[in-house]
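# Coordinates in review
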Amino acid sequence: MAATAAFFTNRQPTFILSPPKTKVNASQLFFHCNNSKPFFKTTISCSLQKPPPSLYPRITATRPEYIPNRIPDPNYVRVFDTTLRDGEQSPGATLTSKEKLDIARQLAKLGVDIIEAGFPAASKEDFEAVRTIAKEVGNAVDAESGYVPVICGLSRCNERDIKTAWEAVKYAKRPRIHTFIATSGIHMEHKLRKTKQQVVEIARSMVKFARSLGCDDVEFSPEDAGRSDRKFLYEILGEVIKVGATTLNIPDTVGITMPTEFGKLIADIKANTPGIENVVISTHCQNDLGLSTANTIAGACAGARQVEVTINGIGERAGNASLEEVVMAFKCRGEHILGGLYTGINTRHIVMASKMVEEYTGLHVQPHKAIVGANAFAHESGIHQQLLVPGAMDGMLKHKGTYEIISPEDIGLERSSEAGIVLGKLSGRHALKDRLKELGYELNDEQLGTIFWHFKAVAEQKKRVTDADLIALVSDEVFQPEVVWKLLDMQVTCGTLGLSTATVKLMDANGEEHVACSTGTGPVDSAYKAVDLIVKEPATLLEYSMNAVTEGIDAIATTRVLIRGEKSQLSTHASTGETVQRTFSGTGAGMDIVVSSVKAYIGALNKMLGFKDQLPAKDSVERTSVSA
């Protein structure tokens, strides 16, 4: 017996099973899975064969009209991106206002429905960044989709947070306030120290307060819903619906649920919450057990029509559900397996969004990461390259579909083997521009000019410049924070005969040159100490890593550092209410490993120095005692 289709009613999806021709709702199906017992005398399995087209709702490519509390097309799934909020909470992923604005613009180009631009109450810098995004990205019509994204600000359930969030997002064409309070027993007892009745009253009054400010799009989240009592969830969600919540987000805050559990949670909420037909249900799944994508898809199958995700899956601890994984799962299997679910994402912009987030945050994507990892479209296994019959042709050359379920072109990645361009010292600006565009980089003339001269310098020393070399050069020149200090020249002396010595020449933002010399335990240590003598901003080096981007002794090296300033920039953590110290990452690239190391260190210092007057406002600290 195979589950061949899913039709979504007002309450929950119904699966058609054959044979026999019997209808089973989502709760029954998940109950069957949880108990591992046959629901009937036959086994429910998932057919990979394409069923008759008539069984599926028609998938339309048109994004439905945006209405805060409902979606006209029951198969459309809104994509809520929280890279700039939850994603930035990854250690070392601190972003400047300019970087946040760049990423927000790329997210708009990608076609996300809602951009959670940050937690405005965390600090003045966070507030200004969210407000800038609301004004600029929140009023810009995307040239391809014609859509203006919703700009959302997170707040805890207290008036000061909500007012701050509204002041930041109200300039957008479509502003949204997202407020939350914990609902699990362990959180209410040990973090909030409040009773269920008190939590319900706070949630009711704060959603009502958000609507009273003039915001007609309010999202509510019961934090740690995955471990919350079901009846209590139905109660508190029903109450916030009454006072105007338009989206109910169900977070698996600690990433503890299994896909069957999370799907049943969504189905149960859909079936038992009074007024649920008047709101959109959302999912927010953490990845602590590596199940965030699976849980998100299970939630959508059970009736959720908004998914909260981040680029590259970044976020606190093990991260969040990955936008690219969830979106491509809908694109690949939505019509055939998931009952016609689809999104409005323009997947051709995925690679560029992934690279931008990777470079700005300094959080490198693991090579085997699904969709955007370096190995995602690399077919190096012997069994993939050739058949076991002597003289057989390469399986991939015969038909790409043998081992490739996604075309790299679908996510904006060109096949280097088919590009027909080999770059070297005789290559011109136009060839470089074309190859960078194929790799997903759309650079302006000034950026291209800078990259071109660095490319020529590398090409003089290498016979062939690889794609990995180009990516490293773009990272080193384009994805860098605003310049406060710039490396001009440096010289190091090191070895076994004496102390390592470094002389460094830097230029400040006014164009003035500064030179310092220092000794240390090695060339990098001495160079960093020389930089410190010039910059005079004490910082602690927390992490240092280096990788060669290609094979060979002439490879370009990329370096990443993570620092924390002694004059620590502070912000307020959204979930815990604690005042935390920011950390800053920097990256550098070059054929000289000491030079790349110094570039990375200066990049981190520039990012840190870009955060001026970062102590949280007095009322932000006071809010901790009444936080959600």
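Residues numbered from 1 in each chain as written. Predicted model: local features only at pLDDT ≥ 70, side-chain atom pairs only at ≥ 80, totals over all residues. Heavy atoms only, no water.

### Digging into the overall build of the chain
Basically, it comes down to this: Elements are defined by DSSP. Helices are runs of H or I of four residues or more, strands are runs of E of two residues or more, and each kind is numbered from the N terminus. Only heavy atoms enter the contact rule, under which two residues are in contact if any of them lie within 4.5 Å. Areas reported here follow the Shrake-Rupley algorithm with a probe of radius 1.4 Å; residue values treat only the protein chains shown as occluding.
Broken down by element type, the chain carries 20 helices and 20 strands. Sequence separation of at least 24 residues holds for 67% of the intrachain contacts in the chain that already meet a minimum separation of 6. Looking at the chain as shown, the accessible area adds up to about 27,400 Å², and 53% of this sits on carbon and sulfur atoms.

### Notes on the packing of aromatic side chains
To be explicit about the condition: Here the aromatic set is Phe, Tyr and Trp, taking the six-membered ring for Trp, and pairing holds for ring centres within 6.5 Å; pairs whose planes are under 30 degrees apart are stacked, those over 60 apart are edge-to-face, and all others are tilted. Whether a residue is buried, partly exposed or exposed follows from its accessible area with a 1.4 Å probe, protein chains only, as a fraction of its type maximum: under 20%, in between, or over 50%, in that order.
Overall, the coordinates contain four aromatic pairs when judged by the stated rule. Centroid distance Phe452 to Trp453: 5.3 Å. Interplanar angle 70 degrees. Geometry classified as edge-to-face. Residue Phe452 is classed as buried on the basis of its relative accessible area of 8%. A relative accessible area of 58% places Trp453 in the exposed class. Between Tyr528 and Tyr601, the ring centres sit 4.1 Å apart and the planes meet at 15 degrees, which makes this aromatic pair stacked. Here Tyr528 is found in helix α18 (residues 523-535), whereas its partner Tyr601 is found in helix α19 (residues 593-609), with 73 residues between them in sequence. Residue classification places Tyr528 among the buried residues on the basis of a relative accessible area of 7%. Judged by relative accessible area, which is 2%, Tyr601 ranks as buried. Three or more aromatic residues joined by ring pairs form one cluster here, namely Phe452, Trp453 and Phe455.

### Quick look at the packing of helix α3 (residues 124-136) against helix α4 (residues 159-169)
Operational definition: Only the stretch in contact is used when fitting a helix axis, every axis being a line fitted to C-alpha atoms; angles between N-to-C directions are given from 0 to 180 degrees. Here the angle decides the label: under 35 degrees means roughly parallel, over 145 means roughly antiparallel, 65 to 115 means roughly perpendicular, and every other value means oblique. We call Asp, Glu, Lys and Arg charged. Ala, Val, Leu, Ile, Met, Phe, Trp, Tyr, Cys and Pro are nonpolar, and the rest, Gly among them, are polar.
Viewed as axis vectors pointing N to C, α3 and α4 meet at an angle of 40 degrees, and their least axial separation amounts to 7 Å. Considering the angle they form, α3 stands oblique to α4. Of the residues in α4, those in contact with Phe127, Val130, Arg131 and Ala134 of α3 are Thr164, Glu167, Ala168 and Val169. Its residues placed into classes, the contact of α3 with α4 shows five nonpolar, one polar and two charged.

### Digging into the sheet that holds strand β16 (residues 539-548)
Definition in use: By definition, two strands form a pair when at least two bridges between them are found by DSSP.
Within the open sheet, the three strands sit side by side as β16-β17-β20. Their pairing is antiparallel. The outermost strands of the open sheet, each flanked by one partner alone, are β16 and β20 (584-590). Taking each pair of neighbouring strands and ignoring which way they run, the sheet shows an average axis angle of 20 degrees. Where strand β17 (residues 557-565) lies against β20, seven bridges are found, and the strand directions are antiparallel. Counterpart to Thr558 in the pairing with β20 is Ala589.

### Quick notes on the pattern of salt bridges
What counts, and what does not: By definition, a salt bridge exists where a carboxyl oxygen of Asp or Glu is found within 4 Å of a side-chain nitrogen of Lys or Arg.
Summed over all chains, the structure comprises 27 salt bridges. Between Glu144 and Arg348 there is a salt bridge, and its shortest N-O distance comes to 3.1 Å. In this pair, Glu144 is assigned in the loop between α3 and β7 (150-156) and Arg348 in the loop between α10 (323-333) and α11 (350-361), connecting sequence segments 204 residues apart. The exposure class assigned to Glu144 is partly exposed, which follows from its relative accessible area of 48%. Here Lys369 and Glu325 are joined by a salt bridge, their closest N and O atoms 2.8 Å apart. Pair noted here: Lys369 is in the loop between α11 and α12 (382-385) and Glu325 is in helix α10, with a separation of 44 residues, a long-range link. By relative accessible area, Lys369 is classed as buried at 8%. Residue Glu325 is classed as partly exposed on the basis of its relative accessible area, which comes to 22%.

### Some details on the sheet that holds strand β14 (residues 500-508)
Backbone-to-backbone hydrogen bonds pair the strands of a sheet. The strands run either parallel or antiparallel. Ordered in space as β13-β14-β15, the three strands form an open sheet in which the pairing is antiparallel. The sheet is open, and its two borders are formed by β13 (485-493) and β15 (513-520), each paired with just one other strand. Across the sheet, the axes of successive neighbouring strands diverge by a mean angle of 20 degrees, strand direction being ignored. Here β14 pairs with β15 via eight bridges, running antiparallel. Each bridged residue has a counterpart across the sheet, and for Thr503 the counterpart in β15 is Cys517. With respect to the sheet, α18 is in contact with β13, β14 and β15, its orientation differing from that of β15 by roughly 140 degrees. Of the strands in this sheet, β13 and β14 touch α19, which is tilted by about 145 degrees from β13.

### A short note on the environment of Asn346
Mapping Asn346 onto the fold places it in the loop between α10 and α11. Judged by its relative accessible area of 18%, Asn346 falls in the buried class. Distance in space between the C-alpha atoms of Asn346 and Leu107 is 10.0 Å, their sequence separation being 239 residues.

### Examining the nonpolar core
Defined as follows: Residues belong to a common nonpolar core when they are buried Ala, Val, Leu, Ile, Met, Phe, Trp, Tyr or Cys residues joined through side-chain atoms within 4.5 Å.
The biggest cluster of nonpolar side chains holds 113 residues, and the ones touching the most others in it are Leu110, Phe220, Ile236, Leu248, Leu432, Leu436 and Phe455. Excluding residues within four positions of it along the chain, Phe220 makes contact with Cys157, Thr179, Ile181, Ala203, Val207, Ile236, Leu237, Val240, Ala245, Thr247, Leu248 and Asn249. If you look at the next biggest cluster of nonpolar residues, it comprises 27 residues, including Leu506, Tyr528, Phe584 and Leu605.

### Concerning the state of the cysteines
For clarity, the threshold we go by: Two cysteine sulfur atoms form a disulfide, by the criterion used here, when they sit within 2.5 Å.
For the structure shown, the criterion picks out zero disulfides. With no disulfide of its own, Cys152 lies 8.5 Å from the sulfur of Cys215, the closest cysteine sulfur.

### A look at the layout of surface pockets
Under the convention used in this document: A cavity here means a set of points on a 1 Å grid, drawn over the protein atoms and nothing else, where a 1.4 Å probe fits but cannot get out; a pocket is an open set with protein on both sides within 12 Å along at least five of seven lines, and a residue lines either one if it has an atom within 4 Å of a point. Grid points are joined across faces, edges and corners, and a volume is the space filled by probe spheres set on the points.
Taken as a whole, the second largest pocket holds about 1,500 Å³ of empty space. Lining of the second largest pocket is provided by 48 residues; of these, Gln447, Glu477, Val478, Phe479 and Gln480 occupy positions nearest its centre. Within the residue set of the lining of the second largest pocket, elements represented by two or more residues are α2 (97-110), α11, α15 (429-438), α16 (445-459), α17 (467-477), β13, β20 and α19. The element best represented in the lining of the second largest pocket is β13, accounting for six residues. Residue classes in the lining of the second largest pocket are distributed as 17 nonpolar, 13 polar and 18 charged.

### Structural notes on the side chain of Glu239
Defined as follows: Under this definition, polar contacts are N or O atom pairs within 3.5 Å; protein pairs additionally need one hydrogen-donor-capable and one acceptor-capable atom, and for neighbouring residues in sequence, both atoms have to be side-chain atoms.
If you trace the backbone, Glu239 turns up in helix α7 (residues 230-242). Taking the relative accessible area as the measure of exposure, Glu239 reaches 19% and is therefore buried. At 3.0 Å, the side chain of Glu239 forms a polar contact with the side chain of Arg204. Looking at Glu239, its side chain comes within polar contact range of the side chain of Lys242, at 3.1 Å. When neighbours within four sequence positions are excluded, Glu239 is seen to be in contact with Val200 and Arg204.

### A look at α16
The criterion, for reference: One less than the number of residues in a helix, times 1.5 Å, gives the span that helix is expected to have.
A rise of 1.5 Å per residue sets the reference length of α16, with its 15 residues, at 21 Å; its end C-alpha atoms lie 20 Å apart and thus fit the reference within 8%. Those residues of α16 not exposed but buried are Leu448, Gly449, Ile451, Phe452, Phe455, Val458 and Ala459. The secondary structure elements touched by the buried residues of α16 are α15 and α17. Structurally, the start of α16 carries an N-cap: the backbone nitrogen of Glu446 is 3.2 Å from a side-chain oxygen of Asn444.

### A few points about α19
An ideal rise of 1.5 Å per residue puts 24 Å on 17 residues; α19 measures up with 24 Å between its terminal C-alpha atoms. The element α19 is largely enclosed, with a buried count of 14 among its 17 residues. Capping the start of α19 is the job of one residue whose side-chain oxygen sits 2.9 Å from the backbone nitrogen of Val594: Asp592.

That's the geometry; what it means functionally is another story.
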